[in-house]
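Architecture at a glance
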Amino acid sequence: MLKAAFYETCITPYLYDTMPGYFEARYCTEVLDELYAHALALESEKENCIILSLDCICIERRDVEKIRRRVFDATGVTNVSVSGIHNHTGGPVATLYGSPRNERYCEFLCVKAADAAILAWQRREPAKFGWAVRDVEGLSFNRRFLFRDGHVDMNPGVNNPEVVRGTDIIDPQLITARIDYADGRLMGILASFALHLDSVDMPQGFSADYPGVIREGLHKKYGEDVGFVWLTGCCGNINHLDTTGKIKLNHRIVGEKLTAYISELADGIRTDDRELTVASRTITATIERPTPEMIAKAPAGPRQREMTIAMGLPGGTVDCEVVCVGLGDFAIAALPGEVFCRFGLDIKKRSPYACTLTAELSNASNGYVKTREAADEGGYEATPSTYNILDRNAGYLMADAAVENLLDMKK
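Quick caveat, the model's predicted, so the values are computed rather than measured.

So, on to the overall build of the chain. Of regular secondary structure, the chain possesses nine helices and 21 strands. Expected size for 411 residues packed as a compact globule is a radius of gyration near 22 Å; at 20 Å, the chain falls within 12% of this value. With the principal axes as the frame, the chain shows a C-alpha extent of 60 × 45 × 45 Å. When contacts within the chain are restricted to residue pairs at least 6 apart in sequence, those whose partners lie at least 24 apart make up 79%. Accessible surface, the chain: about 15900 Å² in total, of which carbon and sulfur atoms supply 50%. Charge centroids of the chain, computed over 45 positive and 57 negative side chains, lie 1 Å from each other.

If you trace the backbone, Asp63 turns up in helix α1 (residues 61-75). Of the polar contacts made by the side chain of Asp63, one reaches the side chain of Arg101; its length is 2.8 Å. Those residues in contact with Asp63, other than ones at most four positions away along the chain, are Val93, Arg101, Cys106 and Cys110.

Once that is clear, we can look at the sheet that holds strand β3 (residues 36-43). Spatial strand order, β5-β4-β3-β1-β6-β11-β12-β14: eight strands in an open sheet with mixed pairing. The open sheet has two edge strands, β5 (80-84) and β14 (227-232), and neither has a second partner. When strand polarity is set aside, the average angle formed by the axes of neighbouring strands in this sheet is 25°. Sitting on the sheet, α1 touches β4 (48-54) and β5, and the angle it makes with β5 is about 140°. On top of the sheet, helix α3 (residues 209-222) reaches β1 (3-10), β3, β12 (186-193) and β14; it is set at about 155° to β14, its chief contact.

For the rest of this paragraph, the subject is the side chain of His88. With respect to the helices, strands and loops of the structure, His88 is situated in the loop between β5 and α2 (103-122). A polar contact is formed between the side chain of His88 and the backbone oxygen of His86, at a distance of 3.2 Å. In contact with His88, not counting residues within four places along its chain, are Met19, Pro20, Gly21, Tyr22, Arg26, Ile57, His196, Leu197 and Asp198.

Right, let's get into the pattern of salt bridges. Scanning the model with the defined rule gives 35 salt bridges in all. Taking the shortest distance from any N to any O, the salt bridge between Arg124 and Glu43 comes out at 2.6 Å. Here Arg124, found in the loop between α2 and β6 (125-135), pairs with Glu43, found in strand β3; they are 81 residues apart in sequence, far enough to count as distant. What makes Arg124 partly exposed here is its relative accessible area of 27%.

To continue, consider the environment of Arg178. Tracing the sequence through the fold places Arg178 in strand β11 (residues 173-181). The sequence separation of Arg178 and Arg281 amounts to 103 residues, and the corresponding C-alpha distance is 27 Å. Once residues within four sequence positions are removed from consideration, Arg178 is found in contact with Lys128, Phe129, Gly130, Gly184, Leu186, Gly188, Ala266, Asp267, Ile269 and Thr271. Within the structure, the side chain of Arg178 is placed 2.6 Å from the side chain of Asp180, a separation counted as a polar contact.

Cut-offs and rules
- Residues numbered from 1 in each chain as written.
- Predicted model: local features only at pLDDT ≥ 70, side-chain atom pairs only at ≥ 80, totals over all residues.
- Heavy atoms only, no water.
- Helix = DSSP H or I, 4+ residues; strand = E, 2+ residues; numbered from the N terminus.
- Rg over C-alpha atoms; globule rule 2.2 N^0.38 Å.
- Contact = heavy atoms within 4.5 Å.
- Areas by Shrake-Rupley, 256 points an atom, 1.4 Å probe, with all protein chains shown as cover.
- Lys, Arg positive; Asp, Glu negative; His and termini not counted.
- Charge placed at Lys NZ, Arg CZ, Asp CG, Glu CD.
- Polar contact = N/O pair within 3.5 Å; in protein donor to acceptor, adjacent residues only side chain to side chain.
- Pairing = 2+ DSSP bridges.
- Axes fitted to C-alpha atoms, helices over the stretch in contact; angles between N-to-C directions.
- Salt bridge = Lys/Arg side-chain N within 4 Å of Asp/Glu carboxyl O.
- Buried < 20%, exposed > 50% of the residue type's maximum accessible area, 1.4 Å probe, protein only.

Here is the structure:
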């Protein structure tokens, strides 16, 4: 019998802390909406796990390990997957582009995130699970473009005459899973879409971006006690900016539209008992550092600065954990980086599950995970820097590991 429970704890930092996500440090002067650690505890006869989603830009491996230790000490659960949603209006969890990590806040975050997991685990009870999927157009857009002079870069502005074409595609799938109590009442919703979280009009205010709007909308419709977990899909090269100028979006518009779609899907889902499975693999990825030639081609300013810093850092390898969770014919593949869309699509195509949700920035922050084509093209997301440390092969190793996990879980 499947058992489940949701819980959330507030992780909003103090005012005037920095918010990583832009090219320079920003200091928060407002709280637009509270930030949370969202937990979903799952247990079946032979397996258990806890899924944590944090309203922060990313989660470093050392913090994942702290959270897991605290959860294990309290519950004995070893399968804990921790994802950052990648909001650019969250707390100082990492040193990114001149925005420093705040150790005091990270210690607080780890404790509160672990507490959410522990409290969810303590509250688990018999549950039923179901899912539904629909494609959503007009909210997500490729952000990498080829210019007439042959270079590739992101976000060229509206109707830029120097642009030849876009270089990438999107993943339009909106995935919604519904967890019910045994008597059929709604317990909570797990949802995912592949879209960068950088759409808040006031970038000096703490906000969970559009998932915060979704949480608010679901609570209005279903009640404050309904749980919610958001997992951001593979969207390292996807954002909300329409370069034709026909569609103008911000986090509230995106959140309200997705809330309507999620609610519609959730209302039509039939739930039943599911067997839980979990698998994990660790791949070893090679670290790549920029060359003087790469730095010379980069735009002057923060990008060159970060590339110069990265050139002086050691190389070597980094271990990357890929975690997968299965519930009947539904699966989650959690990947440790800001992953290009094509890897998510590839995992879904090769998965033996009827529905596979991919969650980026899970269980570590290894920066962008680019395709080999993008590495040849260059541009912000594909050129080595302090936030782009993995070589061109890492994403393929991650995708293969995810598919191997999924195949093993189906045996």
